[in-house]
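Structure at a glance
These are the residues of each chain, in order.
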Amino acid sequence: MVLRTSVAPMSAPVDPTAASAWSSLRRLADSFTPDLRGWFDSEPERVDLYTFDAADLHVDLSKSYLTAEVLAALFALVTDTDIVSRRDAMFAGDRINVTEDRAVLHTALRLPKGAALEIDGRDVVADVHAELDKMYAFADQVRSGEWVGASGKRIETVVNIGIGGSDLGPVMVYEALLPYKQQGLECRFVSNIDPTDLWEKTHDLDPETTLFIIASKTFTTLETMTNARLAKKWLLDGLAGAGVINDAEQQAEAIAKHFVAVSTALDLVADFGIDPANAFGFWDWVGGRYSVDSVIGTSVCVAIGPERFAEFLSGFHAIDEHFRTTAVEQNVPMIMGLLNVWYNNFLDAQSHAVLPYAQYLHRFPAYLQQLTMESNGKSVRWDSSPVTTQTGEVFWGEPGTNGQHAFYQLLHQGTKLIPADFIAVANSAHPLTDGDADVHDLLMSNFFAQTAALAWGKTEEEVRAEGTAEEIVGARVFPGNRPTAAILAPELSPKIVGELIALYEHITFVEGAIWGIDSFDQWGVELGKVLAKQLAPAVSGDEAALEQADPSTRAQIEWYRAHR
Ligand code: F6P
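Residues numbered from 1 in each chain as written. Predicted model: local features only at pLDDT ≥ 70, side-chain atom pairs only at ≥ 80, totals over all residues. Heavy atoms only, no water.

The subject of this paragraph is the domain arrangement of the protein chain. Segmenting the protein chain into domains produces domain 1 (17–92 + 309–515), domain 2 (118–304) and domain 3 (524–563). Using C-alpha coordinates to define each centre, domain 1 is positioned 42 Å away from domain 3. (Domains from an automatic or database assignment.)

Turning next to a nonpolar patch on the surface. Side chains of Leu432, Val439 and Leu442 sit close together on the surface and give an oily, nonpolar patch of about 260 Å² of accessible area. Note that Leu432 resides in the loop between β13 (420–427) and β14 (433–434). (Patch = residues over 30% accessible without salt bridge, like charges linked within 9 Å, V, L, I, M, F, W, Y side chains within 5 Å. Areas by Shrake-Rupley, 256 points an atom, 1.4 Å probe, with all protein chains shown as cover. Salt bridge = Lys/Arg side-chain N within 4 Å of Asp/Glu carboxyl O. Helix = DSSP H or I, 4+ residues; strand = E, 2+ residues; numbered from the N terminus.)

Another point: the site of the ligand. Near the ligand lie 14 residues; those nearest to it are Gly165, Ser166, Ser216, Thr218 and Thr221. Here Thr221 contributes a side-chain N or O atom positioned 2.5 Å from an oxygen atom of the ligand. Separating an oxygen atom of the ligand from a side-chain N or O atom of Gln370 is a distance of 3.1 Å. Against a free-state accessible area of 390 Å², the protein chains account for coverage of 87% of the ligand. (Near = heavy atom within 4 Å. Polar contact = N/O pair within 3.5 Å; in protein donor to acceptor, adjacent residues only side chain to side chain.)

The next point concerns the pattern of salt bridges. Applying the stated rule across the entire model yields 29 salt bridges. Asp197 is the salt-bridge partner of Lys201, the closest N and O atoms lying 2.5 Å from each other. One end of the pair, Lys201, and the other, Asp197, are both in helix α8 (residues 195–202), four residues apart, so they sit about a helical turn from each other. Under the relative-accessibility criterion, Lys201 is labelled partly exposed at 24%. (Buried < 20%, exposed > 50% of the residue type's maximum accessible area, 1.4 Å probe, protein only.)

Here we take up the sheet that holds β13. Across the sheet, six strands lie side by side as β2-β3-β16-β13-β11-β12; this open sheet has mixed pairing. At either margin of the open sheet sits one strand with a lone partner, and together these are β2 (51–54) and β12 (394–396). Across this sheet, the average inter-strand angle for adjacent strands is 20°, counted without regard to direction. Relative to β13, strand β11 (residues 351–357) is paired through five bridges, and the arrangement is parallel. Across the sheet, Tyr357 pairs through a bridge with Ala424, a residue of β13. (Pairing = 2+ DSSP bridges. Axes fitted to C-alpha atoms, helices over the stretch in contact; angles between N-to-C directions.)

This is the structure:
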């Protein structure tokens, strides 16, 4: 496969609301009455019709709000908004991130060796694999004990310092793949500028056996650079206190043995004092929230090893190929993205729950929050004109069954429409039995029960038939008709974790493409960063700077300072 970059200027976004498919969907929405019970009665083949496979993922959308008419109109919307061309432009390396004038090529990070993709005359796949090989060699050295700290001891703890995409992906995948982690090697993740984060993650560590990965695409992020400096001081103080280092030369040697960096800004890495030989690079065409499959995943690679990391990448690639080549009618990310547009733009859903019935996926909803909300939380389109309709939903969630004992009450009986994705695997990494009961089966019974309860509910008649006192019949009715998707996979392997991430990346892409927005920039995080810098002197006691603040902010800072 040889794909070439095109430098054609980005065409103006299509206004989806002017499309004839949009009018059809509006008409359908105006008279839409969800009736899951009725649909299943009248459509015996409904499960087959709305169940799809993508690589190892088995996706049942039969309990969603899809009907034949809705799906046909959504497919027409694909044509009207020309999503397929935009998808192909992304895979080909066009500069579809127009506000940053960048290609969007996270899919190139998982192309197998030997595939070819040229950008501006460079063989991107060769570059990607050169960096992967460098990361793999490093990971092997740490795992085997060949890489030692300043006092000659092997590394026992790897601390990743990064934030946003340089943290959420690595920590989520590390937690998801804990069963694959090498014994005796632990990773920790420091992200927050709250000093308690770094303290908690380092206070019980031995500097002689600790290695820091400074992960930052830009190598300028306030939180990461502050924590990196603090980590450097912690390490050097600790080693000096133990008599391991005594002079500047030994300090530099210690930094080389205890610090590596992952960044697109290798010049800044060198300025920080990290030997460029210990830096792994990536490219501006990888968005932070799309980067866990680049060398940003170094901590994961050290934990699970290069072979497993390659399997992880192969999972992404399997879904990329599904998304790139499968007909729209069977294309899972396409259909799930369209379905989200149906819920969000026509049925007024404000949020979307993601509920993994897999404790190892406990950080998956947090990871998805950056992926989806930093990508699609926009009010202007890629040509800076205002959007013409609602954009990104609020994504949230917690693992089941924990969520059942917290917020499911609202899912079952509340007044809000909240579509929910239920995710589970068939095989547990640690099967246990409780008497005769397989505990994973108990977990899965809950998974199956919840989507059924949400769909079918319980009618007044059914509640009365149970002998319920008339005064509380209403309280015990479940309206049902609550839409869910079930995503099942054989096990939580590295490959399948890659598949899950890629699935949501492409769902996010489809939604953004319909709305005509640039899903790959994040200008909305800038203002707060600038203000924080401006306010820092005021917070620390500079009266003149405090005078510049607005009355409310000034009063808060004064209160804060009075209580220090
Ligand atoms: O918060 C904005 C952001 O730029 C994210 O998009 C990014 O993942 C994060 O900051 C961290 O950035 P960096 O990897 O450059 O430190």
